[in-house]
Amino acid sequence: MNKVSVSSPSNIALIKYWGMSDAQRTLPNNASLSMTLNQCVSYCTLTPQTSGTCDELLWKTASGSLLPVQGSMRLGIEQHLQQLRQHFDDWQPLRIATVNSFPTGAGIASSASGFSALALAFALRCGQSLNSPDLSQLARLSGSGSAARSVIGGFVQWPGHHGQPGGPAKQFAPAQHWPLHDLIAVVDAGHKNISSRQGHHLAASSPFYSTRLRLLPERLDSLREAILNRDFNTLADTVEREAVEMHMIAMTSQPPIFYWQPATLQILERVRQLRHEGLQVCATVDAGPNVHVLCTPQDASAIVTALRTLPGVEQWIFDQAGDGPRQLEHHLF
Ligand code: DP6
């Protein structure tokens, strides 16, 4: 295939992947569960180089120009490309452009969408389809475990039910089953200082980590049931407990990691108040300060009105459960 373009979404973890057993192969210590998003997506266009022997890695700016990708982002893409090439035994130099529809590196899983988009584009070029069971593994080769979940729409578990740590992610309910909204409060759109990867390495240094691993399987099963039954109260209780616990592990690691900012806590408090007032709303936070406020479609506008006046939010992004990656006719160059 000559020129391939895809969009691949971010996802929000409801049961968090935190800690890995094998950094080389990105094998998680625990199964995680996520909701694939709809609006927060990475676009990627890939084509064989017509001249030259090197890859050209480009970033599309808001003004539409294409700039070379630099620094750690470049390194991450090159390493992922190397793995994809080995997998497919395809060594053709490529021209690749990418862009995100949302702030990068700010706890909205831009690596999940970005690396899954790259894996998908590469796989399509090599003749695979968007339904190929290999895609989750190919996305995971990037080192971003959450990318393994982004190749699938709706509600996703990685590894799939009863799966081995190296197994693929699996959908257990489509987005239409429960089209929850995700109102994302961007408290700080800058790059986070401590990567998730560092967090995974430090997790086991928390004295509470082994307790977390023991409690997680039952929590995950209960959340799956809650989603399948559209039981918002159980979802809210489980998702918030889980988010606080993951951050508690981070905060009690040696050295400790603090992702939250004062505004993060204020939003979490306000969300709990709104729930006590009767609205179907709860919140979770990935490895950053930004808050994902989850709610049912019918309560979304009341919640937006109540939260919009909160101080400390740089930007609101309105998203919801989505169907997953798409192949596009429209290219970035
Ligand atoms: C807290 O190693 O997948 O978001 O690649 O940096 O996005 P990035 O992170 P990754 O770890 C994800 C950590 C998490 C929880 C989760 O998404 O499961």
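Residues numbered from 1 in each chain as written. Predicted model: local features only at pLDDT ≥ 70, side-chain atom pairs only at ≥ 80, totals over all residues. Heavy atoms only, no water.

**Student:** Whenever I open this one, the pattern of salt bridges confuses me. Can you help?
**Tutor:** Note that side chains of opposite charge can pair when their charged atoms are close. Throughout the structure, instances matching the rule amount to 14 salt bridges. For the salt bridge of Arg272 with Glu240, the shortest nitrogen-to-oxygen distance reads 3.9 Å. With Arg272 in helix H8 (residues 262–276) and Glu240 in helix H7 (residues 232–251), this pair connects stretches of sequence that are 32 residues apart. Note on Glu240: relative accessible area 10%, which makes it buried. (Salt bridge = Lys/Arg side-chain N within 4 Å of Asp/Glu carboxyl O. Helix = DSSP H or I, 4+ residues; strand = E, 2+ residues; numbered from the N terminus. Buried < 20%, exposed > 50% of the residue type's maximum accessible area, 1.4 Å probe, protein only.)

**Student:** Please clarify how the sheet that holds strand E12 (residues 291–295) should be interpreted in this entry.
**Tutor:** Two orientations exist for strands paired in a sheet by backbone hydrogen bonds: parallel and antiparallel. With antiparallel pairing, four strands are arranged side by side in an open sheet as E11-E12-E10-E13. Strands at the two margins of the open sheet, each flanked by one partner only, are strand E11 (281–284) and strand E13 (315–320). Taken over all neighbouring pairs, the strand axes of this sheet differ in orientation by 25 degrees on average, direction set aside. Relative to E13, strand E10 (residues 181–186) is paired through six bridges, and the arrangement is antiparallel. Looking at the pairing, Ala185 lines up with Trp316 of E13. (Pairing = 2+ DSSP bridges. Axes fitted to C-alpha atoms, helices over the stretch in contact; angles between N-to-C directions.)

**Student:** Whenever I open this one, the packing of helix H1 (residues 71–88) against helix H2 (residues 110–125) confuses me. Can you help?
**Tutor:** The description of two packed helices rests on the angle between their axes and on the distance between the axes. Where H1 contacts H2, the axes come no closer than 11 Å and their chain directions differ by 30 degrees. For the crossing formed where H1 meets H2, the hand is right-handed. Residues Gly76, Ile77, His80, Leu81, Leu84, Arg85 and Phe88 of H1 touch H2, and the partners they reach there are Phe115, Leu118, Ala119, Phe122 and Ala123. Per-class residue counts for the contact of H1 with H2 are nine nonpolar, two polar and one charged. (Left-handed = near helix turned anticlockwise from the far one by under 90°. Contact = heavy atoms within 4.5 Å. Nonpolar A, V, L, I, M, F, W, Y, C, P; charged D, E, K, R; others polar.)

**Student:** Before we go on, may I ask you to explain the domain arrangement of the chain in this structure?
**Tutor:** The accessible area lost on association of the parts is a frequent measure of interface size. In terms of domain boundaries, the chain breaks down into domain 1 (4–177) and domain 2 (181–320). Put simply, the middle of domain 1 and the middle of domain 2, counted by C-alpha atoms, are 23 Å apart. With 37 residues of domain 1 in contact, the opposing surface of domain 2 contributes 46 residues. Interface area, domain 1 with domain 2, both sides summed: about 3,500 Å², of which 65% is carbon and sulfur. When residues of domain 1 are sorted by the area they lose upon contact with domain 2, Lys16, Trp18 and His177 head the list and together hold 25% of the total. For the side of domain 1 that touches domain 2, the secondary structure elements donating two or more residues are strand E1 (4–15), strand E4 (32–48), strand E8 (155–158) and strand E9 (170–173). Among the residues making up the side of domain 1 that touches domain 2, the classes are represented as 20 nonpolar, 16 polar and one charged. (Domains from an automatic or database assignment. Buried area = accessible area lost by both parts, 1.4 Å probe.)

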